[in-house]
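# Topology and contacts: notes
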Amino acid sequence: MSQDELNSFQVVHHPYSALEAITEAKRCLHCKVPQCVKGCPIGNHIPDFIHELSKGNIGDAMKVINETSNLPAICGRVCPHEKQCQGHCVLGKKDKPIQIGRLEAFIADFDSEMKLTREMLPQKTRGKVAVIGSGPAGLTVAGDLARQGFSVTIFEGQAEAGGVLMYGIPEYRLPKDVVRSEISKIEQLGVNFVTDCMVGENGITVDKIFEGGFDAIFMGTGTSVPQNMDSVPGAKMRGISQSTYFLHNVTAYNEGAVGRDMIPLHEGDKVGVIGGGNVAMDAARTAIRLGADVTVLYRRTQEDMPAIESEYRDAVKEGVKFAWETSVTEFIGENGRLNSVRLQTPEGERVENFNRIFLAIGSRPANRIVSTTDGIEVDEKGYVITTERPYGMTTRAGVFAGGDVVHRPQTVVLAMKAAKEVAQGIAQYVDAIRLLHDIGMKIECGV
């Protein structure tokens, strides 16, 4: 990677210094009824950790965060704070809400750099749990259960753990060293990682995992199959790619794992990104950094766009253009290669030149695990069906699921919220089956 390209992927929003963080923390009113906590999907004790930080007690602040979150350095960077904790801050009425995400990231980063946290962990004797997938949901379940005395092993299909955190979110938003640091903390809880292990392929199945002595299995595999536009004429032409494929390859290039030729974009390309979510923003801003002329094509209005508002604003600042209420009705090209698209707009139909299109119109779960396992039912769109009690269990006893594979694609923190609830369901299930086993053994022995 050239120096110019390397510089273009540097972090956009820089972390606080210690002085800046403590100064910001001192502005917190420590409300008796903290609205920021109500806005946090995982119920972080926000005023408590900010209060500790305001006194310079960073280790104690980290201890408070660890009660509810396994990935604070990540959440502090990529959560939609303006819609959640920060958006509920009472100081926001004066347009100066506490910068909660930046404070959370500062505490987590400082803790990692200084190696402050030394948790007292129970012996891993409560049960044995397998986790499939190491994205936000999988890491959350693993961390929560490890802290409760479970022996946990994560099975990850990629060469490195992290899932969407490692391969789907650009470096300038979430540095990969931060992801690795958070994963290292999960490892320090006693969680084992098995990478390059794709469950559902090469004979590695749920049944095989159960044969390894696991009491329960959690599926946190996300939505790894992107939606396509095959119903639109010309959608199979060269020059039309998935945004997730593009982002994955850019990450691999930034890491030095692949060459520049593996990125489906050339400097100077005229690029259209179809979609209006966070993946579309990531693809557009990444393409800008690689020297492309980028326009986001979104079929609805700006007000309807699901992307985080701050991501949209940053995209505009960086030069991304937006075409609202615009749909692609045909991909046009020569010899199987894209050169333009036919658009339906509020002003009527027009043809515009594009030599590269990235699709960011949603995704759905892969069926590798479901198709190789008896008893796991899915709905009409392929999402796994789960129960309320024990929370998160599929129609196959002992197999649980959570995150995007169940609840449709959402944000990192919402996947974590669902995963924390499923972790409780797993703990209750394993405790129950172990108790029944012990009772059965006593009866057999005539005790």
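Details of the structure are given in the entry above.
What counts, and at which threshold
- Residues numbered from 1 in each chain as written.
- Predicted model: local features only at pLDDT ≥ 70, side-chain atom pairs only at ≥ 80, totals over all residues.
- Heavy atoms only, no water.
- Core = buried A, V, L, I, M, F, W, Y, C linked by side-chain atoms within 4.5 Å.
- Buried < 20%, exposed > 50% of the residue type's maximum accessible area, 1.4 Å probe, protein only.
- Helix = DSSP H or I, 4+ residues; strand = E, 2+ residues; numbered from the N terminus.
- Contact = heavy atoms within 4.5 Å.
- Pairing = 2+ DSSP bridges.
- Axes fitted to C-alpha atoms, helices over the stretch in contact; angles between N-to-C directions.
- Salt bridge = Lys/Arg side-chain N within 4 Å of Asp/Glu carboxyl O.

Let us now look at the nonpolar core. Formed by 67 residues in total, the largest nonpolar core has its most connected members in Phe49, Ile74, Ile107, Leu145, Leu165 and Ile426. Take this core: its biggest share by element is 10 residues, from helix 18 (residues 412-444). In this view, isoleucine 74 contacts Leu165, Leu174, Val178, Val179, Glu182 and Val412; residues no more than four positions away in its chain are not counted. Ranked by size, the runner-up nonpolar core spans 29 residues in total, among them Val250, Ile263, Ala283 and Ala284.

This part takes up the sheet that holds strand 7 (residues 270-274). Consider a sheet: its strands pair through backbone hydrogen bonds, and that pairing is either parallel or antiparallel. In spatial order, the strands read 6-13-7-8-9; together these five strands make up an open sheet with parallel pairing. Each edge of the open sheet is held by one strand with a lone partner, namely strand 6 (240-242) and strand 9 (321-323). With strand direction ignored, the average angle separating the axes of adjacent strands in the sheet is 25°. Here strand 6 runs beside strand 13 (residues 356-359); their pairing, made up of three bridges, is parallel. In the sheet register, glutamine 242 faces strand 13, and the bridge partner there is leucine 359.

All right, on to the pairing of strand 12 (residues 348-353) then. Where a strand is regular, its side chains alternate between the two sheet faces. Bridging between strand 11 (residues 337-345) and strand 12 involves six bridges; their strand directions are antiparallel. Across the sheet, the residue bridging to threonine 345 is glycine 348, located in strand 12. The loop that links strand 11 with its antiparallel partner strand 12 comprises two residues.

This brings us to the environment of methionine 198. With respect to the element layout, methionine 198 can be found in the loop between strand 3 (192-194) and helix 12 (206-211). Overall, methionine 198 belongs to the partly exposed group, its relative accessible area being 26%. Not counting chain neighbours up to four residues away, the residues in contact with methionine 198 comprise Gly157, Ile204 and Arg368.

Right, let's talk about the pattern of salt bridges for a bit. By the definition in use, this model includes 28 salt bridges. A salt bridge links aspartate 111 to lysine 185; the nearest nitrogen and oxygen atoms lie 2.9 Å apart. Here the residue aspartate 111 occupies a position in helix 8 (residues 100-114), and lysine 185 occupies one in helix 11 (residues 176-188), the gap between them amounting to 74 residues. Each member of the pair, aspartate 111 as well as lysine 185, carries the same accessibility label: buried. Taking the shortest distance from any N to any O, the salt bridge between arginine 342 and glutamate 330 comes out at 3.0 Å.

For the rest of this paragraph, the subject is the sheet that holds strand 3. Across the sheet, five strands lie side by side as 3-2-1-4-15; this open sheet has parallel pairing. A strand with exactly one partner marks an edge of an open sheet, and here the two such strands are strand 3 and strand 15 (399-401). Taking the axes of each pair of neighbouring strands and ignoring which way they run, one obtains an average angle of 20° across the sheet.

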